[in-house]
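Commentary on secondary and tertiary structure
Spelled out, the chains give:
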Amino acid sequence: MELRIEELSVVTDGRTLVDRLSLTVSEGAIVGLVGPNGSGKSTALRCVYRALRPSAGAVRVGGQDLSRLTPRQSARTVAATTQDGGVDVDFTVEEVVALGRAPHRRGNEPLNARERELCRAAMERLDIAHLAQRTVPGLSGGERQRVLLARALVQEPRVLVLDEPTNHLDIRHQLGLLSFLRGAGLTVLVVLHDLNLAAAVCDRVGVLADGRLVATGTPAEVLTAQLVDEVFGVRAEVVPHPVSGAPQLLYSLDPS
Amino acid sequence: MIGQQRQAAAPVAPGPKRRLASRRGLLGACAVLTLLLVVSVVVAIGLGPAVIAPGETARHLWAALSGGTIGADEVTTHQIIWQIRTPRVLLAALVGAGLSAIGVVIQAMVRNALADPFVLGVSSGASVGAVAVTTTGGLAVLGIHAVSVGAFLGALGASLLVYLAAAGRGGLSPLRLVLTGVAMSLGFQAVMSLLVYLAPNNEATSTVLFWTMGSFGAASWDVLPVVAVAVLGGLVLMYRRGRVLDVLSLGDETAASLGVAAGRQRTVLLVIVSLVTGVMVAVSGAIAFVGLVMPHVVRILVGATHARVLAVAPLAGALFMVWVDLAARTVVAPRELPLGVITALVGVPVFVALMRRGGYTFGGR
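Because the structure is predicted, anything quoted here is derived from the model rather than measured.

1. What about helix α1 (residues 41–48) of chain A?
An α-helical turn contains 3.6 residues, so any two residues separated by three or four positions project in the same direction. Residues and elements named next belong to chain A. Across the eight residues of α1, six count as buried, placing the element largely inside the fold. Every buried residue belonging to α1 is among K41, T43, A44, L45, C47 and V48, and all of these are buried. Following α1 by one or two positions, R50 has its phi on the positive side, about 70 degrees.

2. Some remarks on the nonpolar core
Grouped together as the largest cluster of nonpolar side chains are 152 residues, with contacts concentrated most on V93(A), V97(A), I128(A), L160(A) and M238(B). Considering every element that reaches this core, the biggest residue donor is helix α4 (residues 75–109) of chain B, with 17 residues. In this structure V93(A) touches M123(A), I128(A), L131(A), A132(A), R134(A), V136(A), L139(A) and V147(A), once residues within four positions along its chain are discounted. Counting residues in each nonpolar core, the second largest holds 28 residues, with L3(A), L33(A), Y49(A) and V59(A) among its members.

3. Observations concerning the pairing of strand β3 (residues 30–34) of chain A
Residues and elements named next belong to chain A. Summarising burial for β3: five of the five residues are buried, a large majority. Of the two faces of β3, the one carrying I30, G32 and V34 and the one carrying V31 and L33 are both buried. Taken together, the four bridges between β3 and strand β8 (residues 187–191) define a ladder with parallel strand orientation. Within β8, the position partnered with V31 by the bridge is L189.

4. Remarks on the state of the cysteines
Taken as a whole and judged by the stated rule, the model has zero disulfides over all chains. Among the cysteines around C47(A), which has no disulfide bond, C202(A) carries the closest sulfur, lying 20 Å off.

5. Some points on the sheet that holds strand β9 (residues 204–209) of chain A
Residue and element names in this part refer to chain A. Strand order in the open sheet formed by six strands is β6-β7-β8-β3-β9-β10, with mixed pairing between adjacent strands. Single-partner strands in this sheet number two, and they are β6 (78–81) and β10 (212–217). Ignoring which end each strand starts from, the neighbouring axes of this sheet average 15 degrees apart. Across the face of the sheet, α1 comes into contact with β3, β6, β7 (159–163), β8 and β9 while running at roughly 150 degrees to β7.

6. A few points about the confidence of the model for chain B
Residues and elements named next belong to chain B. Residues with a pLDDT of 70 or more make up 90% of chain B, whose mean pLDDT is 84. Counted against residues more than four places away or in other chains, residues 1–17, with its pLDDT under 50, gives 14 contacts. Taken together, the chains of this predicted complex give a pTM of 0.88 and an interface ipTM of 0.91.

7. Section: the packing of aromatic side chains
Residues and elements named next belong to chain B. Applying the stated criterion across every chain yields a total of one aromatic pair over all chains. Arranged with centres 4.7 Å apart and planes meeting at 35 degrees, the rings of W82 and W221 form a pair that is tilted. Placement of W82 in helix α4 and of W221 in the loop between α8 (202–213) and α9 (224–240) is noted, with a sequence separation of 139 residues between them. A relative accessible area of 18% places W82 in the buried class.

8. Looking at the pattern of salt bridges
Residue and element names in this part refer to chain A. Per the stated rule, a full pass over the model turns up 21 salt bridges over all chains. In this structure, E156 engages R101 in a salt bridge whose closest nitrogen and oxygen atoms are separated by 3.0 Å. Remark: R101 occurs in the loop between α3 (93–98) and α4 (113–125) and E156 occurs in the loop between α5 (141–154) and β7; sequence separation between them is 55 residues. Overall, E156 belongs to the partly exposed group, its relative accessible area being 31%. Here R101 falls in the buried class, since its relative accessible area comes to 3%.

Definitions and limits used
- By convention here, each chain's residues receive numbers from 1 onward along its written sequence.
- Here every chain gets a letter starting at A, and every ligand a number starting at 1, in the order they are written.
- Per-residue local features of the predicted model are confined to residues with pLDDT of at least 70, and side-chain atom pairs are confined, for both listing and counting, to 80 or more; whole-chain, interface and lining totals are unaffected and use all residues.
- Hydrogens and water molecules were not included; the side-chain quantities draw on all heavy atoms of the structure.
- Relative accessible area decides the class of each residue, using a 1.4 Å probe on protein chains only: under 20% of the type maximum gives buried, over 50% gives exposed, and in between gives partly exposed.
- Each helix corresponds to a stretch of at least 4 residues labelled H or I by DSSP, and each strand to a stretch of at least 2 residues labelled E; elements are numbered beginning at the N terminus.
- We define the nonpolar core as a collection of buried residues of types Ala, Val, Leu, Ile, Met, Phe, Trp, Tyr and Cys that are connected through side-chain atoms lying within 4.5 Å of one another.
- Residue contacts are defined here by distance: any two heavy atoms, one from each residue, within 4.5 Å place the two residues in contact.
- At least two DSSP bridges between two strands are needed for those strands to be called paired.
- A pair of cysteine sulfur atoms is labelled a disulfide when the two atoms are within 2.5 Å.
- Note on method: axes are straight lines fitted to C-alpha atoms, helices fitted across the in-contact stretch only, with angles between N-to-C directions ranging 0 to 180 degrees.
- pLDDT expresses, on a scale from 0 to 100, how confident the predictor is about each individual residue.
- Any Phe, Tyr or Trp ring, taking Trp's six-membered ring, that has another such ring centre within 6.5 Å forms a pair; planes under 30 degrees apart are called stacked, those over 60 apart edge-to-face, and the others tilted.
- Salt-bridge detection follows one rule: a side-chain nitrogen of Lys or Arg within 4 Å of a carboxyl oxygen of Asp or Glu.

Written out as structure tokens, the structure reads:
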């Protein structure tokens, strides 16, 4: 399903965090949202997974305005992994993954056989099946990130929203997660810090600065030395990746 | 459970031991606890200054329930059993059940392992209400129930104040709620001290003592139905929100992504918890420790899933409280020990022992 963010604005305490942001993620595409700290990336995402009500504008999934759905209904189409992935209590991995079915189940209704199989398959795909009985607070950062992703998949969403999913991951797990996203066939909107990872995985990239979308397009169109200088204030050389051809940024230590 | 057998063979670090992890284990645990509770209630009704054998107690209880007859020489025994001890033991069971379940819910609501049913100022609010009625003679039209009603109103007022002070733009955040509760509690305690200081009579002092230590001495058939409806109704409402509580303990952002509006759910839960706690505190005072520790004990045994914890915690809490009350009224008879003293002296060592064995982390590492 297509995800459309239309003229989205978020204003709190007189500060404009997101300013008339419009961005479309077409069906099955991966769109990256990059930008300096505090540029409004996470705030925009929060509107998509309904943690925040936009001050103006709309988020549409398959043409449907999310604000007209109940939180449960939109959680059946949009799943998210958020930055507050900390789990307070001693849930096992299996239990946390099963909570991905919460939007589909009333009250304490137990999962049916198909749903249990769904959970098992998601844990298998993300290579956490062997951790099923372990408690989440005792996991490493990388394992926990995969648990959160498995939970999001179990939601059977059409759209997946990820807030810095590669945080705390070593390079192998970063690449593993991103190549998994490429193969998942979902419509994905992902906030990434690492521009090179964004260039490698995203079909399109949107660049946010001070809440405004300043550039959007394919990684090669957007991630230029000039833009990186303007938006992030760093000097970088852009070279094509020798194998994939994706733009790669080589940073200089001295600021521009 | 094939998955679990395979799991046992896999080379992973051991997680916490959960002997009651399966669904069958849970039902079994509930059945055993229910049986123990029924037996304990009968035994506890029989024990006291006049010891009555369990069989004899059961016969009297049956006679009272079925409208059967008893011998003329047994009227005194019957009075002791039916009019004095039965309401008291049942009240202990109800309050134990309620405090344990509310502890579970509060800890999930404010996302804090140290929270207990009184963390939001309910108990100190109740004390203020009770002392205010005692010292001013207000609510006199209500007769002997005036102090309890005052305590209930105080508890509700305290919850309302905490809610109003904590509610902000994004709804009720866990940290704001718990900080406001703690701060307000201290404020209510100050007001209570002031009231006692300004009206220094023995009645006010003993009222304060009753509400801060807890006792089931005021139990009677008059108040029992109100407590039963509040506690049992509350238990059902809270149990039905088991999965919502699971989702809330993943954090508000994650809750939103799973279709749970955390702020609104927290408000609903606060209303339930305040009403039930208010009723319990009004009749039995603030019995410390049970609502803090019983949730952890039960989680160690059955895991953290709230529907499971909320099935077992009320039974475990009721069982525990029946025995605590029995100890309170028999150990140094004819004097009575404050319940809070026993709950802490018995509960702390048991809790520490369980915690050290289970590899339980309280959500930390």
